[in-house]
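Observations on chain architecture
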Amino acid sequence: VRAVLHHTHAETPHITTFWFKPDRPLRYQAGQFTELRLPHAADDRGDKRWFTISSSPTDDLLGITTRHDPARPSSYKQTLFGLQPGSEVTLAEPMGDFVLPKDNKRPIVFVAVGIGVTPMHSMVKWVIDAGQHRTIHLLYAARHLEDMAFRKLFERAPIAFDTMLKQPPAGWTGKRGLPSAQLIAELPGVKDNALVYLAGPEPMIEKFVAELPNYGVENSRLVTDYFPGYITV
Ligand SMILES: Cc1cc2nc3c(=O)[nH]c(=O)nc-3n(C[C@H](O)[C@H](O)[C@H](O)COP(=O)(O)OP(=O)(O)OC[C@H]3O[C@@H](n4cnc5c(N)ncnc54)[C@H](O)[C@@H]3O)c2cc1C
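Here's a quick rundown of the structure. (Residues numbered from 1 in each chain as written. Predicted model: local features only at pLDDT ≥ 70, side-chain atom pairs only at ≥ 80, totals over all residues. Heavy atoms only, no water.)

With respect to the pairing of strand β12 (residues 222-227)
Applicable threshold: Criterion used throughout: strands pair if DSSP finds at least two bridges between them. Only DSSP runs of H or I with at least four residues qualify as helices, and only runs of E with at least two residues qualify as strands; both kinds are numbered from the N terminus onward. Seen with its strands pointing away from the viewer, a crossover is right-handed if its path from the first strand over the helix to the second goes clockwise.
Alignment of strand β11 (residues 195-201) against β12, held across six bridges, turns out to be parallel. Along β12, the bridge assignment pairs Pro 201 with Phe 227. Crossover β11 to β12 through helix α5 (residues 202-211) is right-handed.

This is how it looks when you write it as structure tokens:
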């Protein structure tokens, strides 16, 4: 599907949302992802990347949100961050099963690490816009306070919003460090059969999946989204 860049919005100094207007409306469920093709003279990482659709199906435009690593950006990220409104891109049909359960009484625990927060943003925005009543606990872990995107939305959402910083500022009252399987197993609701959604850098999510059963959280309750290309936050 062809789409044009409508505008961009800086969520944090390094995280930007790119808002696209597709040629025709794209149907998707909150939490799904697409593939964005950017024709350019690409390095060996190529001209396509997977991105979660960070917007909600209730939004008029379609958003993707990504990080810009100024130290060693790929040719892809350099091109993306250089796009001007009106630039043309290609989007794949949305896909993926990192979506809310049909049963809206099932308690949910979201664990988002770094840019893994994008599908959580889509789902929480959708829950708000659709006026749904769900029990959601969101733990959002990032490196610095200024790396936390979407905080205002999460603070006003009807969810329990829990934060964790690897390098917190002085006076920080939230959690410190990075989440571990043990910490996740002890989050409110996890002992009561909540579904546990995990999104973030691939090696971290793999570790949680391997270790959570040791803490009584069986794999059948886990819903995962792995973001390759990021090692840690
Ligand atoms: C289902 C799914 C959903 C995703 N959703 C999102 C999303 O919502 N937002 C998002 O930002 N990303 C998302 N990703 C990840 C995304 O597709 C890219 O992999 C990621 O953004 C990294 O982009 P980049 O390769 O252009 O690296 P950059 O962002 O330019 O670089 C990231 C860092 O890793 C290093 N690096 C990464 N790969 C290599 C390599 N091959 N060689 C050398 N250095 C490397 C870079 O030097 C830099 O330090 C998703 C992936 C999947 C599979």
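Don't stop here, the text continues.
Focus: the side chain of Asp 225
Note the threshold: Only protein chains enter the accessibility calculation, which uses a 1.4 Å probe; a residue is then buried when its area is under 20% of its type maximum, exposed when over 50%, and partly exposed in between. His residues and chain termini do not enter the charge count, which takes Lys and Arg as positive and Asp and Glu as negative. Within this document, salt bridges are pairs made up of a side-chain nitrogen of Lys or Arg and a carboxyl oxygen of Asp or Glu, the two lying within 4 Å of each other.
Along the chain, Asp 225 falls in strand β12. Of the side chains with opposite charge, Lys 77 comes closest to the buried, unpaired Asp 225, at an N-O distance of 15 Å.

A short note on the sheet that holds β12
As a reminder of what qualifies: Here, residues are in contact when the closest pair of their heavy atoms is within 4.5 Å. Note on geometry: axes are lines fitted to C-alpha atoms, helical ones only across the stretch in contact, with angles between N-to-C directions running from 0 to 180 degrees.
Sheet architecture is open: six strands sit in the order β10-β9-β8-β7-β11-β12, paired in parallel fashion. Sheet topology places β10 (175-176) and β12 at the edges, where each strand pairs with a single neighbour. Of the strand pairs in this sheet, strand β7 (residues 108-113) and β11 are connected by five bridges, and their pairing is parallel. For Phe 110, the partnering residue across the bridge sits in β11 and is Tyr 197. Contacts between helix α2 (residues 117-129) and the sheet are confined to β7, β8 (136-142), β11 and β12, with β7 contributing the most and set at about 140 degrees to the helix. Each of β7, β11 and β12 is contacted by α5, which is oriented at about 150 degrees to β11, the strand it contacts most.

Some points on the pattern of salt bridges
Per the counting criterion, the structure on display carries nine salt bridges. Residue Glu 211 pairs with Lys 207 through a salt bridge whose shortest N-O separation is 3.3 Å. Taken together, the positions of Glu 211 and Lys 207, both in helix α5 and four residues apart, correspond to about one turn of that helix. Overall, the relative accessible area of 26% leaves Glu 211 in the partly exposed class. Linked by salt bridges that have partners in common, Arg 2, Asp 23 and Glu 88 make up one network.

Topic: the environment of Pro 39
Following the sequence through the fold, Pro 39 ends up in the loop between β3 (33-37) and β4 (48-52). Look at Pro 39 and you get exposed, because its relative accessible area is 55%. Distance from Pro 39 to Leu 91, taken between C-alpha atoms, is 12 Å for residues 52 residues apart in sequence.

Notes on the sheet that holds strand β2 (residues 15-22)
Spatially, the six strands line up as an open sheet ordered β4-β3-β6-β1-β2-β5, and their pairing is antiparallel. Edge positions in the sheet fall to β4 and β5 (62-67), since each has one partner strand and no second. Taken over all neighbouring pairs, the strand axes of this sheet differ in orientation by 40 degrees on average, direction set aside. Of the strand pairs in this sheet, β2 and β5 are connected by six bridges, and their pairing is antiparallel. Residue pairing for β5: Phe 18 is matched across the bridge by Ile 64. Its contacts with the sheet place helix α1 (residues 75-82) against β2, β3, β4 and β5, and it is angled at close to 130 degrees to β5.

Function cannot be inferred from these measures alone, as they are strictly geometric.
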